[in-house]
Amino acid sequence: MASNKSAEIEIIRYTDHYREQSMEVLRKSFFLNEMVCIGAEVDLTPQAQKDLEQLCLDVANGGVSMIARHIPSDTIIGVSFNVLQTPSGPEDSNYFEQFRDTKCKTDSSRALMNYMITMDAKVNLFERFNVNCLLEIMFLATLPNYEGQGAGTRLVAESVRLAEELKSGKAVPTTPRKGSGEFDKPQLVSALFTSRISQRVGEKVGFTVINQVPHSEFVYKGKTFTDRIGPEHPFSTLVVKHI
């Protein structure tokens, strides 16, 4: 039966046609259940959720995000908001820092962005792997009613496949950043996985763990993320996959 359900789900590139449904996946799943959202109280802060919706919409404009569509009902049941990252100069703030400083209206959303910025800064993937562009799987979520049907794993696997096709020139972002249709071609895929569930997805798809950081290291309003998350998901991992 599970395989029949899985066959009813297709993984496609994000388009604005599914914008509102994709935001609903964030509202019903990611913001409420994702570990770092809980740690930074995004689950309790409606404005923080709006801030992060804007982040996802900005990222989606880059044209490398993926969505899972339940074919019979034409419903989006899963999302993977992905972003092409390139090194920032020593004096420049990176994309996430710029968003935090210009778009975040709450301490809660800033705390989540600070988590991402801190995790990214612990290992310079560009220097370590001698690459000048990577595709980062930023926010991954599946609607609760569709969990356990493999949609998350397929979203990650298809994001990797898209990165491979971008690298080879078989695919292009739907909105190239550079003039004349040029774009940065990824040489690596990275992700921050914050729960044992997403970490198992990474293992299935063949990612390598580069760094592991306990959630107790991050503090919001006098409590560690672990205090809010609980002991079941004790750490985040930075993972990569070569393409």
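As annotated in an unreviewed UniProt entry, the chain is N-acetyltransferase domain-containing protein from Anopheles minimus.

*Asks:* Please give an account of the overall build of the chain that cites residues and values.
*Replies:* When you go through the chain residue by residue, the secondary structure sums to 10 helices and nine strands. Relative to the 2.2 N^0.38 estimate, which gives 18 Å for 243 residues, the radius of gyration of the chain is 17 Å and therefore close to what a compact globule would have. By the burial criterion, 52% of the 243 residues in the chain qualify as buried. When the accessible area of the chain is evaluated, it comes to approximately 11,200 Å², of which 48% is carbon and sulfur surface. Each charge class in the chain was averaged separately, 27 positive and 30 negative side chains, and the resulting centres sit 3 Å apart.

*Asks:* So, the packing of helix H2 (residues 19–33) against helix H4 (residues 46–60): which residues are in play, and what are the values?
*Replies:* Angle between the axes and distance between the axes: these two values describe a pair of packed helices. Across the interface, H2 lies against H4 with an axial gap of 11 Å and an inter-helix angle of 130°. Between H2 and H4, the angle falls in the class oblique. You can see that H2 and H4 cross each other, and the crossing is right-handed. The residues of H4 that touch H2, namely those facing Arg19, Met23, Leu26, Arg27, Phe31 and Leu32, are Gln49, Leu52, Glu53, Cys56 and Leu57. Of the residues in the contact of H2 with H4, the class split is seven nonpolar, one polar and three charged.

*Asks:* Go over the nonpolar core, please, and point to the residues and values.
*Replies:* Counting residues in hydrophobic clusters, the biggest one holds 81 residues, and the most contacted among them are Phe81, Leu112, Met113, Met138 and Phe139. The contact partners of Phe139, leaving out residues within four places of it in the chain, are Phe30, Leu52, Leu55, Cys56, Val79, Ser80, Phe81, Leu112 and Met116.

*Asks:* Break down the sheet that holds strand S1 (residues 9–13) for me, with residues and values.
*Replies:* One open sheet holds the seven strands; their spatial order is S1-S2-S3-S4-S5-S9-S6, and the pairing between them is mixed. Bordering the open sheet on either side are S1 and strand S6 (208–214), each of which pairs with just one other strand. The sheet shows a mean angle of 20° between the axes of neighbouring strands, direction not considered. Direction of pairing for S6 relative to strand S9 (residues 235–242): antiparallel, over a ladder of six bridges. In the sheet register, Thr208 faces S9, and the bridge partner there is Val240. Sitting on the sheet, H4 is in contact with strand S3 (75–85) and strand S4 (134–142), with an inclination near 130° to S4. Against the sheet, helix H8 (residues 151–168) touches S1, strand S2 (66–70), S3, S4, strand S5 (188–193) and S9, its axis set at about 160° to S4.

*Asks:* Describe unusual backbone geometry, and please don't skip the residues or the numbers.
*Replies:* Working note: non-glycine residues mostly have negative phi, and peptide bonds are mostly trans. Residue Asp74 is not a glycine yet carries a positive backbone phi of 55°. Along the chain, Asp74 turns up in the loop between S2 and S3. A residue is classified by how much of its surface remains accessible, and Asp74, at 29% relative accessible area, is partly exposed. For Lys221, which is not glycine, the phi torsion reads 50° and is therefore positive.

*Asks:* How would you sum up the side chain of His233? Please name residues and give values.
*Replies:* Along the chain, His233 turns up in the loop between helix H10 (225–229) and S9. Beyond its immediate stretch of four places on either side in the chain, His233 contacts Met35, Thr194, Ser195, Arg196, Ile197 and His215.

*Asks:* Any details on the pairing of S5? Residues and values, ideally.
*Replies:* Counted residue by residue, S5 has six buried out of six residues, so it is predominantly covered. Of the two faces of S5, both are covered, the one formed by Leu188, Ser190 and Leu192 as well as the one formed by Val189, Ala191 and Phe193. As paired elements, S4 and S5 share three bridges and run parallel to each other. Bridge pairing in S5 places Ile137 opposite Ala191. Pairing of S5 with S9 involves six bridges; the strand directions are antiparallel. Within the sheet, the bridge partner assigned to Phe193 lies in S9 and is Thr237.

*Asks:* I'd like a description of the side chain of Thr106, backed by residues and values.
*Replies:* If you trace the backbone, Thr106 turns up in the loop between helix H5 (95–103) and helix H6 (107–122). Only 2.8 Å separates the side chain of Thr106 from the side chain of Ser109, close enough to count as a polar contact. Setting aside residues no more than four positions away along its own chain, Thr106 makes contact with Thr45, Gln47, Ala48 and Asp51.

*Asks:* An account of the pattern of salt bridges is requested, with residue identities and associated values reported.
*Replies:* The final tally for this structure, using the stated rule, is 15 salt bridges. A salt bridge links Lys28 to Glu24, with the nearest nitrogen and oxygen atoms 3.6 Å apart. Separated by four residues within a single helix, Lys28 and Glu24 lie in helix H2, roughly one turn from each other. With its nearest N and O atoms 3.0 Å apart, the salt bridge here joins Glu165 to Arg161. A residue pair is termed a helical-turn pair when its members lie 3 or 4 positions apart in one helix, as Glu165 and Arg161 do in helix H8 at four residues. Among the residues examined, Glu165 registers a relative accessible area of 18% and is labelled buried. The network of salt bridges with shared partners includes Glu20, Glu24, Arg27, Lys28 and Glu53.

What counts as what
The numbers attached to residues start from 1 for each chain and follow its sequence in the written order. Per-residue local features are limited, in this predicted model, to residues with pLDDT of at least 70; the limit for side-chain atom pairs, both in listing and counting, is 80 or more; totals at the level of whole chains, interfaces and linings are taken over all residues. Heavy atoms from the whole structure form the basis of all side-chain values; hydrogens and water molecules are not counted. Numbered from the N terminus, helices here are DSSP runs of H or I no shorter than four residues, and strands are runs of E no shorter than two. Every radius of gyration here is taken over C-alpha atoms, with the globule rule written as 2.2 Å times N^0.38, N being the number of residues. Exposure is judged per residue with a 1.4 Å probe applied to protein chains only, and the accessible area is read against the type maximum: over 50% gives exposed, under 20% gives buried, and values in between give partly exposed. Using a 1.4 Å probe, the Shrake-Rupley method yields the accessible areas, and only the shown protein chains count as cover for residues. Charged residues are defined here as Lys and Arg on the positive side and Asp and Glu on the negative side; His and the ends of the chain fall outside this count. The atom standing in for a charge is NZ when the residue is Lys, CZ when it is Arg, CG when it is Asp and CD when it is Glu. Throughout, an axis means a line fitted to C-alpha atoms (over the contacting stretch in the case of helices), and angles, computed between N-to-C directions, take values from 0 to 180 degrees. Throughout this description, any angle smaller than 35 degrees is read as roughly parallel, any larger than 145 degrees as roughly antiparallel, any in the 65 to 115 degree range as roughly perpendicular, and the remainder as oblique. Take the far helix as your reference; a near helix turned counterclockwise from it by less than a right angle gives a left-handed crossing, and one turned clockwise gives a right-handed crossing. Working rule for contacts: check all heavy atoms of both residues, and any pair within 4.5 Å makes them a contact. For this scheme, ten residues count as nonpolar: Ala, Val, Leu, Ile, Met, Phe, Trp, Tyr, Cys and Pro. Four count as charged, namely Asp, Glu, Lys and Arg, and the remainder, Gly too, count as polar. In this text, buried Ala, Val, Leu, Ile, Met, Phe, Trp, Tyr and Cys residues form a nonpolar core when linked through side-chain atoms within 4.5 Å. In short, DSSP must find at least two bridges between two strands for them to pair. Polar contact is defined as a pair of N or O atoms within 3.5 Å, subject to the rule that within protein one atom must be able to donate a hydrogen and the other to accept it, and that residues adjacent in sequence are counted only when both atoms are side-chain atoms. Note on definitions: salt bridges are taken to be side-chain nitrogens of Lys or Arg within 4 Å of carboxyl oxygens of Asp or Glu.

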